[in-house]
Every structure is written in C-alpha cells, then in structure tokens.
Amino acid sequence: MTAEEMKPLILAEQQLPYLLRHQISDRSHQHFGGFRRGTTGRASAENAGATPANLITMACLYTHPDSRYFKDEQLLLPMEAATEFLRRSQRRDGLLSMDGCNFDSPPDTAFVVVGLAELYKLLQDTDDPELRAIGDGVGAFLAAAEPGLVHGGVHTPNHRWVVAAALVLLAELTGSQRAETRAREWLAEGIDCSEDGQWTERSNGVYNIICNIMFWHLAQHYNDASLLEPVRRNLN
C-alpha cells in the first residue's frame, strides 16, 4: 500500500484505543456492548451513535493484513458484544430508533443496514470461525430489519434513496424479491435531482453526499450507468 492508501488505516488504528474506552463492558448494564456517545454519554445503535461504525472499524482492523491489529484476539469480544447490542436494540419489527426522536424508524435503520451489509460480506468471506460467528449475528440483524424496510415509510426526500440502497443490498445478500420490488417502487417515484445538480434538500454538507453514495449503490446493483448521471451533475 502507498502512504496515501495507508492514511485511513493509520487513522483507524489511532482511534481504536479511544473507541474501546467508550464501549460499555459491564455485562449487567442494559447497553452492554454499545459505545457511549460523547454528546449524551449513552450508547445508541443508530448510525450517528457510533456503535455500528465502531464495529465496522474494529472488523476492518482485524481483517486487514497491513493493520497493527490484524487477527488481534483482543478485538473479538468487543466485536461480539457490539453485535449483540445492535441485535438487542432492534424493536420487534426489526427497526431501530434514534436517540431521542425518529422512533421505530425505517430510514435510520437503513443507514445502519447499508454499512452492515458491506460488513457482512467481509465477515462471511473468512475461514476464521469466531469471525464468521460475529458475521452470523450481523446477518441476523439484517434479516430482522428487512420487513420494516419493505413496509415502512420515510421522513425526508433523501431517505427514499437510503432505504432503496439498503433494500438492494439486502436483496443481493438474501435474494429477497420483496426487497428488490420495493426498491424499484422508490425509484419509480422519480429522481429528485435538478438540472443544476441539486438534490431536493440542497445540502452540500450532508444530504447531497448521502444521495450520491446511495445512488452509487443503486447503480452498482442494477448495472445501470444512468443512475450515476444525477451524481455527476451534483459533483460538477
């Protein structure tokens, strides 16, 4: 790897001790395995709540051969605990809630599903039995989330594309026809990117980026380069 390519890996290595200090290790705590947020001191399963992102960071450090933590067994228990916390955080319909709003929320669940679907592929492509067991837990989370994403709604325009991307990733993993059909229904509503390349929310700092990433996933799934046209308009 070049020095430039190593930068994300080095940054993740530097962050890991800080992340682990914020994981709740008390098994009697209701949020055992979750990572405390600096803003609230509480653990959360939502995308912005750090636990899904930190699980992904640990898994990448554990599996990357150039990582200082490559196959470091000290990461197995934290990864297992984080996965269990995410599973416990799902409501009966498989959805997550934000920490303080957006309760029982398909789009907030979809943000997590997009990341964990990629993680699931990584964890299943290994001959490490302990890592595959963690992957099975991630897979159980994804399977439980699917019905809520298929039947649930959204709050804002960009959420349509987050949910659609999550659905096609689930369809790739499970072969689910209902997930595939629902994603196509969202796309049939029309792509809300203007001629001058602005998505509906006109948010260069947040939502434009989100829409661009989700349409990349959609374009890859459908092998449809036309789905990248709004992304190019926005970037230009």
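Parameters and conventions
Residues numbered from 1 in each chain as written. Predicted model: local features only at pLDDT ≥ 70, side-chain atom pairs only at ≥ 80, totals over all residues. Heavy atoms only, no water. Helix = DSSP H or I, 4+ residues; strand = E, 2+ residues; numbered from the N terminus. Buried < 20%, exposed > 50% of the residue type's maximum accessible area, 1.4 Å probe, protein only. Contact = heavy atoms within 4.5 Å. Phe/Tyr/Trp six-rings, centres within 6.5 Å; stacked < 30°, edge-to-face > 60°. Expected span 1.5 Å × (residues − 1). Arc of directions from axis to C-beta. Polar contact = N/O pair within 3.5 Å; in protein donor to acceptor, adjacent residues only side chain to side chain.

Caption draft 1: Inspection of the environment of Leu75 at higher detail. As for its position among the elements, Leu75 is in the loop between helix H2 (51-63) and helix H3 (76-89). Leu75 sits in the buried class, given a relative accessible area of 0%. Sequence-wise, Leu75 and His155 are 80 residues apart; in three dimensions their C-alpha atoms are separated by 36 Å. When near neighbours in sequence (up to four residues on either side) are disregarded, Leu75 contacts Leu16, Leu20, Met58, Leu61, Tyr62 and Tyr69.

Caption draft 2: Structural view of the packing of aromatic side chains. A complete count under the given rule lists two aromatic pairs for this structure. Judged by centre distance (5.1 Å) and plane angle (35 degrees), the rings of Trp199 and Phe215 are tilted. Of this pair, Trp199 sits in the loop between helix H7 (177-188) and helix H8 (207-222) while Phe215 sits in helix H8, and the two are 16 residues apart along the sequence. Considered together, Trp199 and Phe215 belong to a single accessibility category, that of buried residues.

Caption draft 3: Examining H7 more closely. A rise of 1.5 Å per residue sets the reference length of H7, with its twelve residues, at 16 Å; its end C-alpha atoms lie 16 Å apart and thus fit the reference within 8%. The set of residues buried in H7 consists of Ala179, Glu180, Arg182, Ala183, Trp186 and Leu187. Down the axis of H7, the buried set is contained in an arc of 165 degrees. They therefore lie on one face. More than 90 degrees from the buried face of H7, the exposed residues found are Gln177 and Ala188. Among the structural elements, helix H5 (129-151), helix H6 (157-174) and H8 are those in contact with the buried residues of H7. Taking the backbone nitrogen of Ala179 as reference, a side-chain oxygen 3.1 Å away marks Ser176 as the first, capping residue of H7. Looking at the residues trailing H7, positive phi occurs at Gly190, about 105 degrees.

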